[in-house]
Each structure stands twice: as structure tokens, then as C-alpha cells.
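Architecture and fold: a report
One-letter residues, chain by chain:
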Amino acid sequence: MTRKVRDLEQARNAGTVSATSRATVSAWVNEWIGRAETLGSVRRTTVAGYRVDQRHIDAAIGMVRLERLRSGNIEYLWATMISTGRGRSVPHCRRTLQAALNDAVQAGLIVRNPVSGAKTPRSQPTDIEPYSISEMVRLLDAARNGRNGPRWTLALALGLRQGEVLGLQWQDIDLDDGVLIVRRQLQRLEWRHGCSNPSTCVYVGESGLPRPAKRGADCPLRWGGGLISGDVKSDAGRRSLGMPPTLTAELRSHRAGQAAERLSSEVWDEGPGGGWVFADAIGHPLDPRADHRAFKELCSAAQVRARRLHDLRHSAATAMLANDVDIRTAGAVLGHSQIAQTARYSHVLADRKSVAAARIEGALFGERNGS
């Protein structure tokens, strides 16, 4: 008996057996996310990110029992995500699974976290495809007479993220001093089923007949989704920015036009904080999906190739560095929490180093070389 106990202890120390749980990975991750959501220990947008990761986890290793989960299972998850074109999501999913399984260790459900021992694929850097200055000018010219035109000037001049732009309220902008404060972001969260059994959930379609509610958005008892306005994620993201005079003038004109629109509308919704800076025809905040469609239309009007909406932010960063804004100042404007985030634009920094070298050559050695 003593030998069996000793063998069991050795196995537990090696992480090859667990406590007493027979729960699956899927059940535990779902419980873990639900607890974080109920307690409000993380932001709603963070929970939404967990749910996305949960789908990847469920599809690959969800039915594996916690007590049998090994590093090989984790590596299979990464391989599955890469093979299905979700390789860029591996780092985020890894952080989620690592945290969930750390709590499983603390709860005594497993002895060790197998994520730590799994080989993680090398992260692939996101390709940065900034617009050229001439393309940026064409985009701004095309946006000048459009609805919510300054929305694009903000993106290209100050590099605001989509959620930060759409979350702006008039109380955040001082047109007299030309100052803008970024303090919140607007995002769309997925609706979740509120019924007890999503597999049997139905809703009444446009035809008047019941249809399976495959999406949480179709559930008659849906909850947790829609447009959500919340604080920015970090202290660096919460920032006060000086605006170029042209942008200030554009916003002043935009506010006057919006005031006239509000007076002529019978159903205008004023909204919080003096109203949304960029609103739809009845004063509601712009839906990120509608904003994305507007971007595609803007690119078409400007005869510029439509790239990712986030490339507007990359373009702003590149323009700052290319025009001698130092890297720390550029990072502060962009809301980067670490200088390494701004240093991703190393191609621009390399170009500036070449320019600096050429200027030093001219200053120090030009006369010697007869130039």
C-alpha cells in the first residue's frame, strides 16, 4: 500500500494525474468564462475575446477531459488553428487558455498547466501596409463632403482606433483649445443565447414560420450583445491630444451641420455627453460594421485600393515617423503602452536613419569630397 501511495504521489508531482475532476476542457473553460463575466472581474470586451477563443478550444480539444489534458493536446490545438487560417489568433488564445488552466490548478482540478510545456508556434508579425501620403490626401479629399467626413481625418491625422473614434462624444472635444480626449471606445459584442438549450432554440422568421436560432442574435431571449461603450483598455490609451488646426475646423463645421440635422429631425436621439460626435441619421452611434462599409465606399470614391480599416492607423503612425516626430511622442499620440509597439514601424525608422546618415555625410565630409 505504501508503495502505491508513493507511486501516486510521484505521478501527481509529474502532472500525469489530476485531482478528482472528470470535467472536459470545454465545460471548464465555459465555467471559467461565465464566472469572470458574472463577477465582472474583466471587461465585457475581454469576455467577448474569451468567447472567440473558446470556439477554437472547443473545436479542437473541447471533449478532452481535464485530467487527461497534455501538452500534445495543446500543440494539436495550435496546429488546428494554423491549418484553418487562424494562426494569428494563437497568442491571444494561448493567454486565455493559460489563465483558465492556471485557475484549474488552483482549484485542484489538475496538477500542472500543460500550456506551459507545449511548444508554441512562432508568432507571425502582422504585415503593415500604410497608405502613401498621396493616397491619404486622396482619401481626405473624397471624405471632405461626405457624411461624418472628419471621422477619416481623425484616423489619418491622429491614428485613432475605430472604437476610439466611434466612441467620441462632444464632451470629449474642446474646439476652442483644439484638444481631444480619448477615454472610451465603442464596440459591438456578440449576442448570446438566453434560452436553456440553444440546440432547440427557434425564432419566428420573416416568413412568419419558426426557424432554428443558430446564432445568439436570433434567440428571443438573447442577451449581452449590441453596441457597448466602455473605457479604453489601458492608461496609455486614455490620452489628451492636440488637434491640427484643419481638423479642428472640420470638426467645428461638422458640429454645426449635425446641430442643423438635429433640429430638422423629429426622432433625433441626443445621446450621452452632448451627443455622439459621429452619429447616424437619428443621432445613434455608428455601428462598426456600417463604418467599415463606409470605409470601402470611401476607398472606391478616392480610387484607392481598399485595405484593412486598421491600416489607416498604420498610415498615421508611418506619416508621423517619416516627418520627424520622435518615436516616444508618436507612441503617446497612438496610445501605445510600450515603445516596442511603435517600433514595429522599423522600416520608417530605417529610412530616417538613412536620411540622417546622408545629412551627416554632407555636413562633415561634403567639402572634402568636393560637393
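Here, the structure is the one placed above.
Heads up: these notes are all about the structure in this document.

**Notes on the overall build of the chain**
The number of helices and strands found in the chain is 14 helices and 7 strands. Here the chain, with 371 residues, has 38% of them falling under the buried criterion. Excluding contacts between residues fewer than 6 apart, the proportion of contacts in the chain whose partners are at least 24 apart in sequence is 66%.

**Structural notes on helix α9 (residues 245-264)**
Here α9 is 20 residues long and its end C-alpha atoms lie 29 Å apart, about the 28 Å a rise of 1.5 Å per residue gives. Of the residues making up α9, those classed as buried are Leu247, Thr248, Leu251, His254 and Gln258. Looking straight down α9, one finds that the buried residues subtend no more than 120 degrees of arc, so they occupy a single side. Along α9, the residues that are exposed and aim more than 90 degrees away from the buried face are Pro245, Thr246, Ser253, Leu263 and Ser264. Along its buried surface, α9 packs onto α7 (150-158) and β1 (173-174).

**Some points on the packing of aromatic side chains**
Aromatic rings in a pair are described by how distant their centres are and how their planes are angled relative to each other. The final tally for this structure, using the stated rule, is 2 aromatic pairs. Centroid distance Trp32 to Tyr50: 4.9 Å. Interplanar angle 45 degrees. Geometry classified as tilted. Note that Trp32 is positioned in helix α2 (residues 25-39) and Tyr50 in helix α3 (residues 44-61), a separation of 18 residues in sequence. Judged by its relative accessible area of 13%, Tyr50 is buried.

**Overview of the sheet that holds β1**
Sheet strands pair by backbone hydrogen bonding; their relative direction is either parallel or antiparallel. An order of β1-β2-β7 is seen for the 3 strands of this open sheet, with the pairing classed as antiparallel. In this open sheet, the two strands that pair with only one neighbour each are β1 and β7 (239-242). Both strand β2 (residues 179-182) and β7 contribute to a ladder of 4 bridges, which runs antiparallel. Residue Leu180 lies in a different strand from β7, and its bridge partner there is Leu241.

**Re the packing of α7 against helix α11 (residues 311-322)**
α11 packs onto α7 with a crossing angle of 45 degrees between their chain directions and a minimal axis gap of 6 Å. When the interaxial angle is binned, α7 and α11 end up oblique. Packed against α7, whose contacting residues are Trp152, Ala155, Leu156, Ala157 and Leu158, the element α11 presents Leu312, Arg313, Ser315, Ala316 and Met320 at the interface. Residues of the contact of α7 with α11, tallied by class, amount to 8 nonpolar, 1 polar and 1 charged.

**Remarks on the nonpolar core**
A general tendency of soluble globular proteins is for nonpolar side chains to be buried together. Formed by 30 residues in total, the largest nonpolar core has its most connected members in Leu154, Leu158, Leu160, Ile173, Leu180, Leu251 and Phe278. Among the elements of the structure, α7, α8 (162-166), β2, α9, α11 and α12 (327-334) are those that each provide at least two residues to this core. With 4 residues, α11 is the largest single contributor of residues to this core. When residues no more than four places from it in sequence are discounted, the contact partners of Leu180 are Leu154, Leu160, Leu168, Asp172, Ile173, Arg239, Ser240, Leu241 and Met243. Of all hydrophobic cores here, the second largest spans 26 residues; its members include Val47, Leu66, Met81 and Ala100.

**Here we look at the environment of Ile128**
Among the structural elements, Ile128 can be located in the loop between α5 (90-106) and α6 (133-143). Take Ile128: its relative accessible area is 22%, and that puts it in the partly exposed class. Along the primary structure Ile128 and Thr318 are separated by 190 residues, whereas in three dimensions their C-alpha atoms are 9.6 Å apart.

**Here's the deal with the pattern of salt bridges**
Counted under the stated rule, the structure contains 20 salt bridges. The residue Arg215 makes a salt bridge to Asp218 at a minimum N-O spacing of 2.8 Å. Under the relative-accessibility criterion, Asp218 is labelled buried at 17%. In this structure, Asp311 and Arg308 form a salt bridge, with 3.1 Å as the shortest nitrogen-oxygen distance. Using a relative accessible area of 0% as the deciding quantity, one classes Asp311 as buried.

Conventions we followed
Residues numbered from 1 in each chain as written. Predicted model: local features only at pLDDT ≥ 70, side-chain atom pairs only at ≥ 80, totals over all residues. Heavy atoms only, no water. Helix = DSSP H or I, 4+ residues; strand = E, 2+ residues; numbered from the N terminus. Buried < 20%, exposed > 50% of the residue type's maximum accessible area, 1.4 Å probe, protein only. Contact = heavy atoms within 4.5 Å. Expected span 1.5 Å × (residues − 1). Arc of directions from axis to C-beta. Phe/Tyr/Trp six-rings, centres within 6.5 Å; stacked < 30°, edge-to-face > 60°. Pairing = 2+ DSSP bridges. Axes fitted to C-alpha atoms, helices over the stretch in contact; angles between N-to-C directions. Parallel < 35°, antiparallel > 145°, perpendicular 65-115°, else oblique. Nonpolar A, V, L, I, M, F, W, Y, C, P; charged D, E, K, R; others polar. Core = buried A, V, L, I, M, F, W, Y, C linked by side-chain atoms within 4.5 Å. Salt bridge = Lys/Arg side-chain N within 4 Å of Asp/Glu carboxyl O.

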